[in-house]
Amino acid sequence: MSAPTIAPGARASATFRILPPGMYAGRSHVVLERAFKVYRRGWMLIFSGFFEPLFYLFSLGTGLHNLVGTVTGPGGHELSYTAFIAPALLASSAMNGAIYDSTMNVFFKMKYGKLYDAMLATSLGPLDVAVGEIGWALIRGGLYSAGFMIVMVAMGITASWWAAAMLPAALLIAFAFGAVGMAVTTYMKTFQDLDMVQVAVLPMFLFSGTFYNLHVYPTWLRIVVQCLPLNHGIELLRALNAGVLDWSMLGHVAYFAVMAALGVAVTAKRLDKLLLR
Amino acid sequence: MSAVAAPASRSHLWQVVEYQLYVGRRIWRSMFIVGVFTPLAYVLSLGIGLGTVVNNHGNSLGVPYLVYVAPAFLTAAALQIAAADAAYPIMAGFKWIRTFHGMAATPLTPAQICDGQLMWVALRIFANSVVYLAIMAAFGGTERWWVVLCVPIATLTAMAFAAPVAAIAAIMENEGNGFNMLFRFIVTPMFLFSGTFYPVSELPEWGRWLAYISPLWHGTELARGSAIGHIGGLAVLGHLAYLLLWFVVGLVVARWRFGVRLSK
Amino acid sequence: MVAPSSRAVADVTSSPAPDLLIEAHGLTKTFGDFTAVDGIDVAVPRGEAFGFLGPNGAGKSSTMRMIACVAPITSGSLRILGMDPVSQGPRIRARLGVVPQQDTLDLELTVRENLYIYGRYFGMSRAALRPKIDDLLDFAQLTERADAKVEPLSGGMKRRLTIARSLINDPDILLLDEPTTGLDPQARHVLWDRLYRLKQQGVTLVLTTHYMDEAEQLCDRLVVMDAGRIVAEGSPQQLIVAHSTREVAELRFAPGENAAAAERIGGLLDDARERAEVLPDRVLLYVADGERALARAHEAGLSPISSLVRRSTLEDVFLRLTGRSLID
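All values derive from a computational prediction rather than experimental measurement. (Residues numbered from 1 in each chain as written. Chains lettered and ligands numbered in written order. Predicted model: local features only at pLDDT ≥ 70, side-chain atom pairs only at ≥ 80, totals over all residues. Heavy atoms only, no water.)

### Comments concerning the sheet that holds strand β1 (residues 20–31) of chain C
Residues and elements named next belong to chain C.
Piece 1. Spatially, β2-β1-β4 is the arrangement adopted by the three strands of the open sheet, whose pairing is antiparallel. Here the strands that pair on one side only, and so sit at the sheet edges, are β2 (34–45) and β4 (75–80). With direction set aside, neighbouring strand axes in the sheet form an average angle of 15 degrees.
Piece 2. Direction of pairing for β1 relative to β2: antiparallel, over a ladder of nine bridges. When the bridges of β2 are listed, T28 appears paired with D38. (Pairing = 2+ DSSP bridges. Helix = DSSP H or I, 4+ residues; strand = E, 2+ residues; numbered from the N terminus. Axes fitted to C-alpha atoms, helices over the stretch in contact; angles between N-to-C directions.)

### Observations concerning the side chain of A:E133
Piece 1. Tracing the sequence through the fold places A:E133 in helix α8 (residues 126–155).
Piece 2. For A:E133, a relative accessible area of 5% translates into the label buried. (Buried < 20%, exposed > 50% of the residue type's maximum accessible area, 1.4 Å probe, protein only.)

### A word on the side chain of B:T220
Piece 1. You can see B:T220 is positioned in helix α9 (residues 215–228).
Piece 2. Aside from chain neighbours lying at most four places away, what touches B:T220 is B:A72, B:T75, B:S194 and B:G195. (Contact = heavy atoms within 4.5 Å.)

### A look at the packing of aromatic side chains
Where two aromatic rings form a pair, the distance of their centres and the angle of their planes describe that pair.
All names here are of chain A.
Piece 1. Summed over all chains, the structure comprises 32 aromatic pairs over all chains.
Piece 2. For the pair Y39 and W136, a centre-to-centre distance of 5.2 Å together with 25 degrees between the ring planes defines the contact as stacked. Of this pair, Y39 sits in helix α2 (residues 28–41) while W136 is found in helix α8, placing the two residues 97 residues apart along the sequence. W136 matches Y39 in its accessibility class, with the two residues each being buried.
Piece 3. Look at F207 and Y217: their rings are 6.5 Å apart centre to centre, the planes differ by 40 degrees, and that puts the pair in the tilted class. Separated by 10 residues along the polypeptide, F207 in helix α10 (residues 195–207) and Y217 in the loop between α10 and α11 (219–227) bring together distant segments of the chain.
Piece 4. Exposure remark for F207: the relative accessible area of 16% places this residue in the buried category. (Phe/Tyr/Trp six-rings, centres within 6.5 Å; stacked < 30°, edge-to-face > 60°.)

### Focus on the pairing of strand β8 (residues 221–226) of chain C
Residue and element names in this part refer to chain C.
Piece 1. Most of β8 is tucked away: six of the six residues are buried.
Piece 2. The alternating pattern of β8 places R221, V223 and M225 and L222, V224 and D226 on opposite faces, both of which are buried.
Piece 3. Summarising the sheet, strand β3 (residues 49–53) and β8 pair through four bridges and their orientation is parallel. Each residue of the ladder has a partner; that of F50, found in β8, is R221.
Piece 4. Across five bridges, β8 lies against strand β9 (residues 229–234) in antiparallel orientation. For L222, the partnering residue across the bridge sits in β9 and is G234.
Piece 5. In textbook terms, the turn of a hairpin is the stretch between consecutive antiparallel strands, and for β8 and β9 this stretch comprises two residues, one of which, A227, has a positive phi near 50 degrees.

### Digging into the confidence of the model for chain C
Piece 1. When pLDDT is averaged along chain C, the result is 85; 92% of the residues meet or exceed 70.
Piece 2. Scored below 50 in pLDDT, residues 1–17 of chain C makes 36 contacts in the model with residues more than four places away or belonging to other chains. (pLDDT = per-residue confidence, 0-100.)

### Thoughts on the packing of helix α4 (residues 51–63) of chain A against helix α7 (residues 177–193) of chain B
Piece 1. At a minimum axis distance of 10 Å, the contact between α4(A) and α7(B) shows a crossing angle of 20 degrees. By the criterion of interaxial angle, the relationship of α4(A) to α7(B) is roughly parallel. Two packed elements cross with a definite hand, and for α4(A) against α7(B) that hand is right-handed. For the pair formed by α4(A) and α7(B), the contact residues are A:F51, A:E52, A:F55, A:Y56, A:F58 and A:S59 on the first element and B:R184, B:F185, B:T188, B:P189, B:F191, B:L192 and B:F193 on the second.
Piece 2. Looking at side-chain class alone, the contact of α4(A) with α7(B) contains nine nonpolar, two polar and two charged residues. (Parallel < 35°, antiparallel > 145°, perpendicular 65-115°, else oblique. Left-handed = near helix turned anticlockwise from the far one by under 90°. Nonpolar A, V, L, I, M, F, W, Y, C, P; charged D, E, K, R; others polar.)

### Examining the environment of C:E250
Residues and elements named next belong to chain C.
Piece 1. As for its position among the elements, E250 is in strand β10 (residues 247–252).
Piece 2. As a C-alpha pair, E250 and H25 span 225 residues in sequence and 40 Å in three-dimensional space.
Piece 3. Within the structure, the side chain of E250 is placed 2.7 Å from the side chain of R310, a separation counted as a polar contact. (Polar contact = N/O pair within 3.5 Å; in protein donor to acceptor, adjacent residues only side chain to side chain.)

### Observations concerning a nonpolar patch on the surface
Piece 1. Where nonpolar side chains cluster on the molecular surface, the patch consists of B:W145, B:W146, B:V148 and B:L149 and spans about 510 Å² of accessible area.
Piece 2. Residue B:L149 is classed as partly exposed on the basis of its relative accessible area, which comes to 35%. (Patch = residues over 30% accessible without salt bridge, like charges linked within 9 Å, V, L, I, M, F, W, Y side chains within 5 Å. Areas by Shrake-Rupley, 256 points an atom, 1.4 Å probe, with all protein chains shown as cover. Salt bridge = Lys/Arg side-chain N within 4 Å of Asp/Glu carboxyl O.)

### Digging into the nonpolar core
Piece 1. Counting residues in hydrophobic clusters, the biggest one holds 260 residues, and the most contacted among them are A:L64, A:Y81, A:F177, B:Y65, B:F197, C:F52 and C:I80.
Piece 2. Those residues in contact with B:F197, other than ones at most four positions away along the chain, are A:L60, A:L64, A:L67, B:L46, B:Y65, B:Y68, B:V69, B:F73, B:F191 and B:L192.
Piece 3. Counting residues in hydrophobic clusters, the runner-up holds 14 residues, among them C:A249, C:A262, C:A293 and C:L302. (Core = buried A, V, L, I, M, F, W, Y, C linked by side-chain atoms within 4.5 Å.)

### What about the packing of α11(A) against helix α12 (residues 229–242) of chain A?
All names here are of chain A.
Piece 1. Direction vectors running N to C along α11 and α12 enclose 80 degrees, while the axes themselves pass 5 Å from each other. Between α11 and α12, the interaxial angle falls into the category roughly perpendicular. For the pair formed by α11 and α12, the contact residues are V225, Q226 and C227 on the first element and P229, N231 and H232 on the second.

### Quick notes on the sheet that holds β3(C)
Hydrogen bonds along the backbone pair up the strands of a sheet, which may run parallel or antiparallel.
Residue and element names in this part refer to chain C.
Piece 1. Reading across from one edge, β5-β6-β7-β3-β8-β9 is the order of the six strands in this open sheet, with mixed pairing throughout. Each edge of the open sheet carries a strand with a single partner, namely β5 (96–99) and β9. Recorded for the sheet is a direction-independent mean angle of 15 degrees between the axes of neighbouring strands.

### Topic: unusual backbone geometry
Piece 1. We note that B:H230 has phi near 55 degrees; this positive angle belongs to a residue other than glycine.
Piece 2. Tracing the backbone through its elements, the reader meets B:H230 in the loop between α9 and α10 (233–262).
Piece 3. We classify B:H230 as exposed; its relative accessible area is 82%.
Piece 4. Unusually for a residue other than glycine, C:A227 sits at a positive phi of about 50 degrees.
Piece 5. Among the secondary structure elements, C:A227 is positioned in the loop between β8 and β9.

Put into structure tokens, the structure is as follows:
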């Protein structure tokens, strides 16, 4: 192209020949840059999100300590109740944060702010938007996770160096939930549809084994819960925190990798269909 | 409104309530989620699931864990829903959809608009609490008839918190980010630290004092008292007086701020 | 200044049809059973201010979205800047400026940040953007509001910001969908002034409007659209000459008497080109000499409540072509 106005996207998109034309301009970082600009003013809102899992940890860890006693954790180790719920709360908050960002926030930007219409009128592609938005949710989730882990270390409830791997694991969990959440959001029509997110997330939070081992359930319910993504996240982080590793953990990771890939693919396709028609 | 020149009467309150009922009809699904689905999830997961663990560990509470936590869940749910219902709809009424300004152009006084809005919240909470009680009973979370008092107790507790929230909503001029803070730093911690899941004696000293300040702890003590007994008459009076104090102060400030906002 | 005037000469070698920036043949857009755009032919050369005039629902916005490469065409052919919108959408969009019908400003950012981030969406560097943004703020008369949030700005200011934003990438074509709809008269005039400056600088403008005064102000050439089709094409003046008379006499009679009066007047008109049109509230006489037609009506014993004589406008052209008024 010899036009004096350079299309800066042209170069980048050349490196992404595998994708359908126009899906990706290689500039999702610009979408992130926007998020930083927005939240530079609203940092208190972000900061406040860090506390919710901590409140749960302090309240239930301290208060139920005597009522519950010790709990059998990974590898048959007896854990204090605080040590038992902490990694699970980390997984749950990774889920909650990612879902909130990718449903409520995305829905508003899409339907009311018309933000994505504006983005796609430029040379950005739908995949830039999807990756950028999910990336922002991840950065935010990563900050919360890191903060929570620091508290865990300070409380002395991390059992091994493997606990450090909880950070990337929590990010993977957030990525998977964020991608699927955003994909689901692209199907939503009215504000009331967001209620259905609550219907999916609340039982998952309450029943996936955050607060007790699944053996309290009848077998059929245990199997159902074991199929839910949050349970995989909880199992993964609990094992890492305890430093008790086995091959099933690869299964958990694979589960989230598939979720994330599906979520991103559906999101990009739906944005393309919804906004470019 | 037919009697145009008639002096505003008590019945105008009900017109505000009617309006809310009309709006509410369209959001029945979200009401079901809040009123039935969420209580079910809590009762089953933490009441029965966590209860199994507690009961197996030589439960020292004197009653099954579900019987112990269910009245507290009921009260806490009432307070949380009331807080949300007092916060966002009132903010919307002033700012986003400006219904209150429309109402204020009729013979309604600001205080009546305020009272009507709160009355609507109270009605909803009462209904929610009845449903919650039925769910508790269905899963064996009730042991005696006195437990029905949980419904008025939860409603009072909820309103003791909703009235000040309504006042804040009438004062707040910005986009309502303050409410996010209210929920994250007041409502959620209150749920977690007001003796909902365990006796506050399990908390360290500072935690206990946080509970004593919060209206939710007082409501929870009353509700639990009605469900399992073991509560003295003086304690009942004290808790009631504290809740009424919150409600009355909140209501007075809310009426005043409604007046200020609507006369601008 | 902002606009890419110097570029008008440059881009000749890159595209197969460099002088026609937009070229459409049989362009069609359907949504299910509904045909929004029904096989239109459009060609817009560089530097022209081109307009789509028509009522709501005529297919203007659908046409604009196809030209902006944010909506695929159903059938026909379309080339923008000599490229194919399907395979080269992003490359085309990189060289367009788009002002959508409804502002899509970023309400979470300030005025300046809106311009900055939008430029970043195009991949422009921070250094290149800084001076550009100052120019654009000046152009949009928003320098003083640069650090204000977007939300509280007036409708006219938001619109100017949207236009400024659309110029951030020095577009080859500026697409404006109903640029002044919903604005008060003063804000419209400010906006027209800004757009007129762009036109003077040689920016190719493509706009839709249902205001004939807007089309007359801004367009070198326009097409009149109705129900997805082009019903006439030409400069505003050509269209008026071709499809209307020089003058129009408007007569207002008592309610219910307009039709009867129109019938009587019909017999008084000079030649076949002259005619009477009955609207719900008045009778329009399309004539060469309005004053004379009025005088004749009075001689014939008709006494309208009020009357006036004016020049024909595009509104009259539209009425003539479609039998309907532009703004219902």
